[in-house]
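Now for the letters of each chain:
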Amino acid sequence: MRDLTYPPIIGTAKTLFKVLGMSFQTSGTEHIPREGGAILASNHVSYVDFVFNGLAAQPAGRLVRFMAKKEAFDHKVSGPIMRSMHHIPVDRAQGEASLHEAAEYARRGEIVGIFPEATISRSMEVKEIKTGAVRAAAEAGVPLVPMVVWGTQLLKTKDHDADLWGRGKTIALHVGEPIPVTGEDPVAETALLHESLTALLDKAIREYPVSPEGQWWAPARYGGTAPTPDEARQMDLDEKAAREAKRAERD
């Protein structure tokens, strides 16, 4: 794939991160293959996760093609940029087609970034995850690489004011060992992915330079004040119901 815009966008982003005084904690980036395809499966705590997740592939000299909502490709500003970077639009009404496209990208040697939780986690824990990442990796015959991002929720997440230009934040990016998948039992292999993501998240929280105690952006089981997984699940259901009701009114 020709990448005329992706490299300069990365360079601009890195410059901006320096201007904002950001620091990064990284580990396991050697697990991202230097050549060949892979599925990079990440947790999801922020609207800007994909902006940072790609940095984990930089030591390997790779670019990540992210699966993202179709709406981002329909926007008159972000659409041309997303397409020029060869990201993959996800139409929720035709999710299987998007997964097949992701598998085809990986089969051709690309690294594809997937957020298997599908939506941002209000609890800041790893939510129940879908089998799509496992199935795409199995279909393409490529490694499934787990990773977590942490600290991005301080920039822009659900139910909280954005602070995109605040200085001095720390972003953590931790990559785990590839998970071999066959696709014979996607549910069991997805459970392994969930275990790996949970362990990486634990590492991220424990090594983060700010204590989670009493922080809105930290899980309740670490002493934070984020909703518990059960509370967050109900909030997601309420949000979905409100969205569907609004759509029904329009129709």
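What counts, and where the lines are drawn
Residues numbered from 1 in each chain as written. Predicted model: local features only at pLDDT ≥ 70, side-chain atom pairs only at ≥ 80, totals over all residues. Heavy atoms only, no water. Salt bridge = Lys/Arg side-chain N within 4 Å of Asp/Glu carboxyl O. Helix = DSSP H or I, 4+ residues; strand = E, 2+ residues; numbered from the N terminus. Buried < 20%, exposed > 50% of the residue type's maximum accessible area, 1.4 Å probe, protein only. Patch = residues over 30% accessible without salt bridge, like charges linked within 9 Å, V, L, I, M, F, W, Y side chains within 5 Å. Areas by Shrake-Rupley, 256 points an atom, 1.4 Å probe, with all protein chains shown as cover. Phe/Tyr/Trp six-rings, centres within 6.5 Å; stacked < 30°, edge-to-face > 60°. Core = buried A, V, L, I, M, F, W, Y, C linked by side-chain atoms within 4.5 Å. Contact = heavy atoms within 4.5 Å. Axes fitted to C-alpha atoms, helices over the stretch in contact; angles between N-to-C directions. Parallel < 35°, antiparallel > 145°, perpendicular 65-115°, else oblique. Left-handed = near helix turned anticlockwise from the far one by under 90°. Nonpolar A, V, L, I, M, F, W, Y, C, P; charged D, E, K, R; others polar. Pairing = 2+ DSSP bridges.

Undergrad: Which parts of the structure should I look at to understand the pattern of salt bridges?
TA: Where charged atoms from two side chains of opposite charge approach closely, those side chains can pair. For the coordinates displayed, the defined rule picks out 17 salt bridges. The partner of Glu 96 in a salt bridge is Arg 135, and the shortest N-O contact between them spans 3.2 Å. Separated by 39 residues along the polypeptide, Glu 96 in helix 5 (residues 95-107) and Arg 135 in helix 6 (residues 132-140) bring together distant segments of the chain. Given a relative accessible area of 41%, Glu 96 falls into the partly exposed group.

Undergrad: Could you clarify how one ought to interpret a nonpolar patch on the surface in this entry?
TA: A surface patch of nonpolar side chains, amounting to about 390 Å² of accessible area, comprises Leu 16, Val 19, Leu 164 and Trp 165. Counting through the fold element by element, Leu 164 comes out in the loop between strand 6 (144-150) and strand 7 (170-175).

Undergrad: Looking at this structure, how should I read the packing of aromatic side chains?
TA: Two numbers describe a pair of aromatic rings. These are the distance of the centres and the angle of the planes. All chains considered together, the criterion is met by 7 aromatic pairs. Here the aromatic rings of Trp 150 and Trp 217 are separated by 6.3 Å at their centres, their planes lie at 70°, and the arrangement is edge-to-face. Placement of the pair is Trp 150 in strand 6 and Trp 217 in the loop between helix 7 (186-207) and helix 8 (229-250), with a sequence separation of 67 residues. Judged by relative accessible area, which is 5%, Trp 217 ranks as buried. Taking 5.7 Å as the distance between ring centres and 70° as the angle between the ring planes, the aromatic pair formed by Tyr 208 and Trp 217 counts as edge-to-face. Each member of the pair, Tyr 208 as well as Trp 217, carries the same accessibility label: buried. Through pairs of rings, three or more aromatic residues link up here, namely Phe 17, Phe 24 and Phe 52.

Undergrad: What's the story with the nonpolar core in this structure? I'm lost.
TA: If you look at soluble globular proteins, the nonpolar side chains tend to sit buried side by side. By size, the foremost hydrophobic cluster in this structure holds 39 residues, and its most contacted members are Ile 39, Val 112, Leu 144, Trp 150 and Leu 193. When contributions to this core are tallied by element, the ones reaching two or more residues are strand 2 (38-42), helix 5, strand 5 (111-114), helix 6, strand 6 and helix 7. Per-element accounting of this core gives the leading share, 6 residues, to helix 7. Ignoring anything within four residues of it in the chain, the contact list for Leu 144 reads Ile 39, Ala 41, Ala 133, Val 134, Ala 137, Pro 178, Ile 179, Val 181 and Leu 193. One finds Ala 56, Phe 66, Val 149 and Leu 155 within the second-largest nonpolar core, a separate group that totals 27 residues.

Undergrad: Would you mind showing me how to read the packing of helix 6 against helix 7 here?
TA: Geometry of a packed helix pair, given as the angle between the helix axes and the separation of the axes. Taken N-terminus to C-terminus, the directions of helix 6 and helix 7 make an angle of 110°; their axes are 8 Å apart at the nearest point. Judged on the interaxial angle alone, helix 7 and helix 6 are roughly perpendicular. Crossing hand, helix 6 versus helix 7: right-handed. For the pair helix 6 and helix 7, the contacting residues are Ala 133, Val 134 and Arg 135 in the first and Pro 186, Glu 189, Thr 190 and Leu 193 in the second. Tallied by class, residues from the contact of helix 6 with helix 7 come to 4 nonpolar, 1 polar and 2 charged.

Undergrad: I keep staring at the pairing of strand 3 (residues 64-69) and nothing clicks. Help me out?
TA: On a regular strand, each side chain points to the face opposite its neighbour's, so the side chains alternate between the two faces of the sheet. Burial analysis of strand 3 places 5 of its 6 residues in the buried class, the great majority of the element. Where strand 3 and strand 5 come together, 3 bridges link them in parallel fashion. In the strand pairing of strand 5, Val 64 is matched with Ile 111. Inspection of the sheet shows strand 3 paired to strand 4 (residues 88-90) by 3 bridges, in the parallel sense. Within strand 4, the residue paired with Met 67 across the bridge is Ile 88.

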